[in-house]
Amino acid sequence: MDRTVLSFDEMLAPGTLAARLATNAYRWPDDLAYTFAPNAAADRRSLTYAELDQHVRAVAAALLDRGLEGERVLLLHPAGLDYVIAFFACCYARVTAVPAHPVGQGARLSRLEHIASNADVRLALTVSSAVERSEGAFEYIASDAIELAMAADFVPPKVTPDDVALLQYTSGSTSSPRGVVITHDNLMHNAAAIARIVGTDRPVRGVSWLPPQHDMGLLGGILQPAVARFPVSLFSPMGFLKRPLRWLEEITRFGGTLSPAPNFAYERCVRAALGQDIDHLDLSTWSVAITGAEPVRASTVSRFCER
């Protein structure tokens, strides 16, 4: 597809995720954007806004090179910075992201095949290790194998607030998965509403282990930090499930002020803390604790606060 080269200002149409991330990289290049550690003992990988923007442009260039502008692409990454990069690359390339769990990580192949057919997906983005163990049902691009040098080849298409940013599918636990069309404008409006509730009159530092394929994990853990421009520390849902107190330890380590989770997470922390020494935890920075995405129980909140 032939595209006219756009200036920086032309690319930054107000009200898009692409505009917000590119603005962050342009104005605050050295600010920490995201950090991720697969487990508590592993080396952390961190990205500033400038580094994130370069990675995103490289993957976006690869998508455009495949002629995928205006198309839909499955995101089959495990939790991590490669997921963050891939999602924003779709935004930059005017590609609709279709987040889904990889096979073997909470998804059945039949569910993915239904989503791919329903969304008319052209191919899937994932990481190299996932391609190697995939069942060959889709054509894949390993986003972590794309050379950073491709960032120089990125020619941005015009992204508008009315463009579809993602198709969010239901779990399919009670019926076939159904997709909801969500535009850039929808996401930016939602982020603005959250910012009004959370408040922006003090420094914010986020912590999230939530699955990036779900609403709360994607919006609260990945998109909100970019839109409101605050750093976030991410780790995997499996890391939390194996050791729930790691969530509170990460808030302690990172100085987290904002962290969302479903009701069951607070309940697991209460159970995990019973009979244990928790003097090493310091949650004094945690000023906004969010609970939702499932029924919220006052008894759970009370037990958590008491412990």
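Predicted model only: the values in this text are computed from it and were never measured. (Residues numbered from 1 in each chain as written. Predicted model: local features only at pLDDT ≥ 70, side-chain atom pairs only at ≥ 80, totals over all residues. Heavy atoms only, no water.)

Q: How should I be thinking about the overall build of the protein chain in this particular structure?
A: Each helix and strand in the protein chain was counted, giving twelve helices and twelve strands. Relative to its 307 residues, the protein chain shows a buried fraction of 53%. When contacts within the protein chain are restricted to residue pairs at least 6 apart in sequence, long-range pairs at least 24 apart make up 74% of them. Accessible surface, the protein chain: about 14200 Å² in total, of which carbon and sulfur atoms supply 50%. (Helix = DSSP H or I, 4+ residues; strand = E, 2+ residues; numbered from the N terminus. Buried < 20%, exposed > 50% of the residue type's maximum accessible area, 1.4 Å probe, protein only. Contact = heavy atoms within 4.5 Å. Areas by Shrake-Rupley, 256 points an atom, 1.4 Å probe, with all protein chains shown as cover.)

Q: When you look at the pairing of strand S4 (residues 96-99) in this model, what are you seeing that I'm missing?
A: It is a general feature of regular strands that their side chains alternate between the two faces of the sheet. Going residue by residue along S4, you find Thr96 and Val98 tucked away on one face and Ala97 and Pro99 tucked away on the opposite face as well. Sheet topology note: the strand S3 (residues 72-75)/S4 ladder contains four bridges and is parallel. By the bridge assignment for S4, leucine 74 is matched with valine 98. For the segment spanning S3, helix H4 (residues 81-92) and S4, crossover handedness is right-handed. (Pairing = 2+ DSSP bridges. Right-handed = clockwise from strand over helix to strand, strands pointing away.)

Q: Can you walk me through unusual backbone geometry in this structure?
A: Note: most residues except glycine have negative phi, and most peptide bonds are trans. Here the phi dihedral of aspartate 120 falls at roughly 55°; this positive angle occurs in a residue that is not glycine. With respect to the secondary-structure elements, aspartate 120 resides in the loop between helix H5 (109-119) and strand S5 (123-126). Assessed through its relative accessible area of 49%, aspartate 120 is described here as partly exposed. Phi is positive for arginine 229, close to 55°, though the residue is something other than glycine. Position of arginine 229 relative to the elements: it lies in the loop between helix H8 (215-228) and strand S10 (232-234).

Q: Please explain the nonpolar core as it appears in this structure.
A: For soluble globular proteins, nonpolar side chains are generally found buried alongside one another. Counting residues in each nonpolar core, the largest one holds 56 residues, and the members touching the most others are Tyr34, Leu52, Leu63, Phe87, Phe88, Leu125 and Leu223. A per-element tally of this core places H4 first, with eleven residues. Counting residues in hydrophobic clusters, the runner-up holds 22 residues, among them Phe235, Phe240, Ala261 and Trp286. (Core = buried A, V, L, I, M, F, W, Y, C linked by side-chain atoms within 4.5 Å.)

Q: I tried to follow the packing of helix H2 (residues 17-27) against H8 on my own but got confused; where do I start?
A: Two measures define how a pair of helices packs: the angle their axes make with one another and the distance between the axes. Running from N to C, H2 and H8 point in directions that differ by 60°, and their axes come no closer than 9 Å. Taken together, H2 and H8 sit at an angle that is classed as oblique. Relative to H8, the crossing made by H2 is left-handed. Across the interface between the two elements, Leu17, Arg20 and Asn24 from H2 touch Leu223, Ala226 and Val227 from H8. Taken together, the residues of the contact of H2 with H8 sort by class into four nonpolar, one polar and one charged. (Axes fitted to C-alpha atoms, helices over the stretch in contact; angles between N-to-C directions. Parallel < 35°, antiparallel > 145°, perpendicular 65-115°, else oblique. Left-handed = near helix turned anticlockwise from the far one by under 90°. Nonpolar A, V, L, I, M, F, W, Y, C, P; charged D, E, K, R; others polar.)

Q: Is there a simple way to think about the environment of valine 207 in this case?
A: Locating valine 207 in the fold gives a position in strand S9 (residues 206-208). Exposure remark for valine 207: the relative accessible area of 1% places this residue in the buried category. Along the sequence, valine 207 and serine 233 sit 26 residues apart, while their C-alpha atoms lie 4.8 Å from each other. Apart from the residues lying within four places of it in its own chain, the contact partners of valine 207 are Val232, Ser233, Phe235, Trp247, Glu250, Ile251, Phe254, Gly256, Leu258, Ser259 and Pro260.

Q: Explain empty space enclosed by the protein here, please?
A: Over the atoms, a rolling probe the size of a water molecule traces out where space has been left empty. Applying the stated rule across the entire model yields three cavities of 30 Å³ or more. One number sums up the size of the largest cavity: a volume of about 90 Å³. Lining the largest cavity are 14 residues, with Ala79, Leu210, Pro212, Ile222 and Leu234 positioned closest to its centre. At the level of secondary structure, the elements contributing two or more residues to the lining of the largest cavity comprise H4 and H8. Among the elements that make up the lining of the largest cavity, the one with the highest residue count is H8 (three residues). Volume-wise, the second largest cavity comes out at about 40 Å³. Elements supplying a minimum of two residues to the lining of the second largest cavity: helix H7 (184-198) and H8. Here the lining of the second largest cavity is built from residues that sort into seven nonpolar, two polar and no charged. (1 Å grid on protein atoms, 1.4 Å probe; cavity = no way out; pocket = protein on both sides within 12 Å on 5 of 7 lines; lining within 4 Å. Points joined across faces, edges and corners; volume = space filled by probe spheres on them.)

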